[in-house]
Amino acid sequence: MKNVIEVKHLSKSYKSHKAVDDLSFEVKEGEILGLLGPNGSGKTTTMNCILALLKYNEGEIKIFGKEMSPSAYDIKSKIGVVFQDVAVFDELTVYGNIDYFCGLYIQDKTVRAEYVEDALKLVGLTENKNQYPKQLSGGLLRRLNIACGIAHKPKLIFLDEPTVAVDPQSRNNILEGIKKLRDSGATIIYTTHYMEEVEILCDRVIILDKGKIIASGTNDELKALAKIEEKVTIEVPELSPIQLSGFESIKNVSEVSYDNGVMKVVFNKGKNNLADMVDYLKDNKIQYSKIFAERPTLNDVFLELTGKELRD
Amino acid sequence: MFWHSFKYAFRALLKSKAMMFWTLIFPFILAILFNMAFARLHDFDVFEAFDVAVVDDENFRDSEIFKEAFKTLSEEGEEQLFVTQYVDSEKADQLLADEKVDGIVYIVDGEPHVKIKKNGTNQTVLTTAVEQIYQSSKMIEDIAGTKINEAVSEMSPEQLMRGEMPDVEKIYKDAVATVSEAEPNVKDDSRVMNMVVIEFYTLIAMACMQGSMLSSEMMDRCLPNITSRGKRVAVAPTRKGIVIASNLLASYSILLLSLIALIAFMRFVLGVEFGSNLGFIILLAAVGGLASTVMGMMLSIVLKTNNAAKNVIILIITMVGCLFAGMFGGNKGFFDNLSPIINKISPVGMITDGFYSLYYYADLARYFSNVYGLLIVAAIFMILSIRGLRRQRYDSI
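None of these values were measured; they are calculated from a predicted model.

What counts and how
- Residues numbered from 1 in each chain as written.
- Chains lettered and ligands numbered in written order.
- Predicted model: local features only at pLDDT ≥ 70, side-chain atom pairs only at ≥ 80, totals over all residues.
- Heavy atoms only, no water.
- Helix = DSSP H or I, 4+ residues; strand = E, 2+ residues; numbered from the N terminus.
- Buried < 20%, exposed > 50% of the residue type's maximum accessible area, 1.4 Å probe, protein only.
- Contact = heavy atoms within 4.5 Å.
- Areas by Shrake-Rupley, 256 points an atom, 1.4 Å probe, with all protein chains shown as cover.
- Pairing = 2+ DSSP bridges.
- Axes fitted to C-alpha atoms, helices over the stretch in contact; angles between N-to-C directions.
- Core = buried A, V, L, I, M, F, W, Y, C linked by side-chain atoms within 4.5 Å.
- Patch = residues over 30% accessible without salt bridge, like charges linked within 9 Å, V, L, I, M, F, W, Y side chains within 5 Å.
- Salt bridge = Lys/Arg side-chain N within 4 Å of Asp/Glu carboxyl O.
- Lys, Arg positive; Asp, Glu negative; His and termini not counted.
- Charge placed at Lys NZ, Arg CZ, Asp CG, Glu CD.
- Buried area = accessible area lost by both parts, 1.4 Å probe.
- Polar contact = N/O pair within 3.5 Å; in protein donor to acceptor, adjacent residues only side chain to side chain.
- Nonpolar A, V, L, I, M, F, W, Y, C, P; charged D, E, K, R; others polar.
- Phe/Tyr/Trp six-rings, centres within 6.5 Å; stacked < 30°, edge-to-face > 60°.
- Parallel < 35°, antiparallel > 145°, perpendicular 65-115°, else oblique.
- Left-handed = near helix turned anticlockwise from the far one by under 90°.
- Domains from an automatic or database assignment.
- Arc of directions from axis to C-beta.

1. Details of the overall build of chain B
Move 1: Within chain B, the secondary structure is distributed over 18 helices and 4 strands.
Move 2: Going through the 397 residues of chain B one by one, you find that 52% of them count as buried.
Move 3: Residue pairs at least 24 apart in sequence account for 73% of intrachain contacts in chain B once pairs closer than 6 positions are excluded.
Move 4: In the form shown here, chain B has an accessible surface area of approximately 18,100 Å², with 59% of it arising from carbon and sulfur atoms.

2. Structural notes on unusual backbone geometry
Move 1: Not every positive phi belongs to a glycine, and Phe 64 of chain A is a case in point at roughly 50 degrees.
Move 2: A relative accessible area of 27% means that Phe 64 of chain A is categorised as partly exposed.
Move 3: Of note in the backbone geometry, Glu 99 of chain B takes a positive phi value of approximately 60 degrees without being a glycine.
Move 4: Here Glu 99 of chain B shows up in the loop between α6 (89-97) and β3 (103-108).

3. Brief notes about the sheet that holds β3 of chain B
Residue and element names in this part refer to chain B.
Move 1: Read from one edge to the other, the open sheet built from 4 strands follows the order β2-β1-β3-β4, with strand pairing classed as mixed. If you trace the sheet from one side to the other, it starts and ends with β2 (82-87) and β4 (111-115), each paired once. This sheet shows a mean twist of 25 degrees between the axes of neighbouring strands, independent of strand direction.
Move 2: The pairing of strand β1 (residues 50-55) with β3 spans 3 bridges and is parallel. Within the sheet, the bridge partner assigned to Ala 53 lies in β3 and is Ile 104.
Move 3: Contacting β1, β2, β3 and β4, helix α5 (residues 64-73) runs over the sheet at an angle of about 135 degrees to β2.
Move 4: Against the sheet, helix α7 (residues 121-154) touches β1, β2, β3 and β4, its axis set at about 175 degrees to β4.

4. Section: the nonpolar core
In summary, soluble globular proteins display a tendency toward joint burial of nonpolar side chains.
Move 1: Residues Ile 5, Ile 98 and Phe 158 of chain A are the most contacted members of the largest nonpolar core, which totals 165 residues.
Move 2: The element contributing the most residues to this core is helix α10 (residues 191-220) of chain B, with 16 residues.
Move 3: Discounting residues that sit within four places of it in the chain, Ile 98 of chain A has contacts with Val 116, Ala 119, Leu 120, Leu 144, Ala 147, Cys 148 and Ala 151 of chain A.
Move 4: Grouped together as the second largest cluster of nonpolar side chains are 18 residues, Phe 50, Val 52, Ala 69 and Ile 107 of chain B included.

5. A look at a positive patch on the surface
Move 1: Together, Lys 109 of chain A together with Lys 7, Arg 11 and Lys 15 of chain B make up a region of like positive charge exposed at the surface.
Move 2: Structurally, Arg 11 of chain B can be placed in helix α1 (residues 2-14).
Move 3: Under the relative-accessibility criterion, Arg 11 of chain B is labelled partly exposed at 36%.

6. Here we look at the interface of chain A and chain B
Move 1: Taken together, the contact between chain A and chain B spans 35 residues of the former and 30 residues of the latter.
Move 2: Of the roughly 3,300 Å² buried at the junction of chain A and chain B (both faces included), carbon and sulfur atoms supply 59%.
Move 3: On the surface where chain A and chain B come into contact, there are 1 salt bridge.
Move 4: Run the count over chain A and chain B and you get 12 residue pairs in polar contact (both at pLDDT 80 or more).
Move 5: When contributions to the side of chain A that touches chain B are tallied by element, the ones reaching two or more residues are β1 (3-14), α2 (73-76), β6 (79-82), α3 (94-103) and α5 (138-150) of chain A.
Move 6: At 5 residues, the largest contribution of residues to the side of chain A that touches chain B is made by α3 of chain A.
Move 7: Looking at the side of chain A that touches chain B residue by residue, the class counts come to 21 nonpolar, 7 polar and 7 charged.

7. What to know about the packing of aromatic side chains
All names here are of chain B.
Move 1: The final tally for this structure, using the stated rule, is 22 aromatic pairs over all chains.
Move 2: Ring centres 5.1 Å apart and planes at 5 degrees place the aromatic pair Tyr 201 and Phe 355 in the stacked group. Placement of Tyr 201 in helix α10 and of Phe 355 in helix α17 (residues 347-360) is noted, with a sequence separation of 154 residues between them.
Move 3: Using a relative accessible area of 1% as the deciding quantity, one classes Tyr 201 as buried.

8. Comments concerning the environment of Asn 145 of chain A
Residue and element names in this part refer to chain A.
Move 1: The residue Asn 145 is located in helix α5 in this model.
Move 2: Accessibility expressed as a relative area gives 1% for Asn 145, which makes it buried.
Move 3: With 64 residues separating them in the primary sequence, Asn 145 and Val 81 have C-alpha atoms 9.6 Å apart.

9. Describing the packing of α3 of chain A against helix α4 (residues 109-123) of chain A
All names here are of chain A.
Move 1: Taken N-terminus to C-terminus, the directions of α3 and α4 make an angle of 125 degrees; their axes are 10 Å apart at the nearest point. As far as their axial angle goes, α4 and α3 are oblique. Judged by the sense of rotation from one axis to the other, the crossing of α3 with α4 is right-handed. Residues Val 94, Tyr 95, Ile 98, Asp 99, Cys 102 and Gly 103 of α3 touch α4, and the partners they reach there are Arg 112, Ala 113, Tyr 115, Val 116, Glu 117, Ala 119 and Leu 120.
Move 2: In terms of residue class, the contact of α3 with α4 is made up of 9 nonpolar, 1 polar and 3 charged.

10. Concerning the domain arrangement of chain B
Move 1: Segmentation of chain B into domains returns domain 1 (2-37 + 191-389) and domain 2 (45-182).
Move 2: Taking the mean C-alpha position of each, domain 1 of chain B and domain 2 of chain B sit 32 Å from one another.

11. Notes on the side chain of Lys 76 of chain A
Move 1: Tracing the sequence through the fold places Lys 76 of chain A in helix α2.
Move 2: Within the buried set, Lys 76 of chain A has no salt-bridge partner at all; the shortest N-O distance to an opposite charge, 9.6 Å, is to Asp 74 of chain A.
Move 3: At a separation of 2.8 Å, a polar atom in the side chain of Lys 76 of chain A contacts the main-chain carbonyl oxygen of Ala 234 of chain B.
Move 4: Each residue touching Lys 76 of chain A, except ones within four places of it in the same chain, is listed here: Met 68, Ser 69, Pro 70 and Tyr 105 of chain A together with Ala 234, Val 235, Ala 236 and Pro 237 of chain B.

12. Let's talk about the packing of α1 of chain B against helix α12 (residues 240-269) of chain B
All names here are of chain B.
Move 1: As a packed pair, α1 and α12 sit with axes 8 Å apart at the nearest point and diverge in direction by 45 degrees. When the axis of α1 is compared with that of α12, the two are oblique. For the crossing formed where α1 meets α12, the hand is right-handed. Facing α1, whose interface residues are Phe 2, Trp 3, Ser 5, Phe 6, Ala 9, Phe 10, Leu 13 and Leu 14, α12 presents Ile 242, Val 243, Ala 245, Ser 246, Asn 247, Leu 249, Ala 250, Ser 251, Ser 253, Ile 254 and Leu 257.
Move 2: Of the residues contributing to the contact of α1 with α12, the split by class is 14 nonpolar, 5 polar and no charged.

13. Brief notes about the environment of Glu 238 of chain A
Move 1: The residue Glu 238 of chain A is located in the loop between β11 (228-235) and α9 (241-247) in this model.
Move 2: In this structure the C-alpha to C-alpha distance between Glu 238 of chain A and Gly 261 of chain A, which are 23 residues apart in sequence, comes to 6.8 Å.

14. A word on the sheet that holds strand β13 (residues 262-268) of chain A
Residue and element names in this part refer to chain A.
Move 1: The strand order across the open sheet built from 4 strands is β12-β13-β11-β14, with neighbouring strands paired in antiparallel fashion. Of all strands in the sheet, those bounded by a partner on one side alone are β12 (253-259) and β14 (291-294). Looking at each pair of strands side by side, their axes are set apart by 15 degrees on average, direction ignored.
Move 2: As paired strands, β11 and β13 are joined by 7 bridges and run antiparallel to one another. Its bridge partner being in β13, Val 232 is matched across the sheet by Val 265.
Move 3: Sheet strands in contact with helix α10 (residues 273-283) are β11, β13 and β14, and its direction is about 30 degrees off that of β11.

15. A word on α6 of chain B
All names here are of chain B.
Move 1: Among the residues of α6, those classed as buried are Ala 92, Leu 95 and Leu 96. On an axial view of α6, the arc spanned by its buried residues comes to 100 degrees, and they lie on one face.
Move 2: Of the surrounding secondary structure, the elements contacted by the buried residues of α6 are β1, β2, β3 and β4.
Move 3: Immediately downstream of α6, the backbone of Glu 99 shows phi near 60 degrees, a positive value.

Here it is in structure tokens:
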């Protein structure tokens, strides 16, 4: 597959702060690339540099094989962007907003009318097309924001946290819409904080922190990076402090917690972890009602790689 | 693409309640309030001359024009405006404190000043009359100065060598006569009515300045460092110049329609007599509105701050310009002397000067110098805007 985006050695500083530090990656045609990272990791700055909205200090950016610049109108005509902030006109109706932004790309009125209707259908706003943004709920507003960014049927779409603060129904609608866009052949760059969305949608993921790529790969490749093998949850009605501390002596156990009759044991990579623990329960005559194990999630990998301390 | 963008920018502005209030509704409200405030002046049967105190000191006695003007305006008859008491400074203050006069007029360094205790119609008439007298005196000086220079340049070197000089006294008398004849160029030549007209001129000038707010608002919607909508426009394959030009035209169209509606409302509903000046008023308003609109665009590009802060800065710049131009009861002459350059380069200064010149001058030379000045300022603002816009990518957004 062809590279739709090629970023080579991109660096961007705000005075002394290095927001993006020697970043290089490619995006293949037709894939959904997840761009993950804590707040301030450089996701949005990277996106703005790629879109030629921001000056950058060093590096090279090519889109569809051509160098990206503010006047690269042929490239821009194939790009759609859904920004993090809702970017619509309060004074225009839902239809007016989509038609206005679509009209910046598509001049033919008949084609545009068809595209606007398609976008309304895609985000489920056909019945709201004569309403004004102030009359829409937060979820509907987000959907309008998406429709304004993709109505012109772009080949490359940037989605910057499109599901922030939306209700589960709207979120589901948005994710379904994104899948449809991918199925129609669009290449998508998707930034989000919601790991489950990445697991559902993205073919490949890049994790950024402090302006650098700290990991990249498919969901499975990233999960394989996790130090933990599994997380075991056991319902134990009664447990003495001695019995509890005994769990820490089981081979490969990295973390033990007990709260309200529920015990959580985290195992590092190794063999027969679950069997060893069941043996320990039997040997110490500890009564338990339920037991189940979970494989590490992308969220676990993310927290392992970026740390658990709070970010701004 | 241009008309697509224009259509939606125009529609968005029309539906913006805040913008339409300040551009269209607010000047109409002010016009109605002005009309109500001056209503009694329309009925000359009920207009009564009111008491004023003039500080009769050396400064006043040296000012021939003010002496003559107050003598004329205090003469008993149909056109009497003031019942004037010529007193010293202390006595004048006492009369004002006791509310036995509506205001005090005193001269410092050739400039008139008005002291009032409260606001009211009489106080407004007094302030406007004094400003009018001062403008007339400045105009006489201007005309006489020009004529003296012309006379000197026409004299031969031999005449100059002989020490011959132009007839300065005659030139001054002619200038006074010119100013007197020029006054006023409207059907109703009552002094009181002319003061009302000049207040309406001031209102039109202020309405012109709303163009800055309109264009600034529209520009912010196109700039990626200010709004997300601007970012969305910036990533589209449409040339930035086309989007900005269409937004600017939409802002100007709305302003122009509002100004024409305001002038028509003043003329045909409120019955303000603009005489034969109506066409010139519309032309000056159109050019002034253009300069104001381009100024708003330039400031929006140059000021790297958020929309709200930008609006406050534009408002301050506009209001300072209005104050220097003699609005809000200010004395234009005083500010002309304080900082002559501001009124010469600020759009609002040129707009008001253009209106004043329509009122004070018989010929249109000064009026057109203001029209051309506004066009030049608009061109300079446009060049600065284009230079600013060339920095299409930002260090931070």
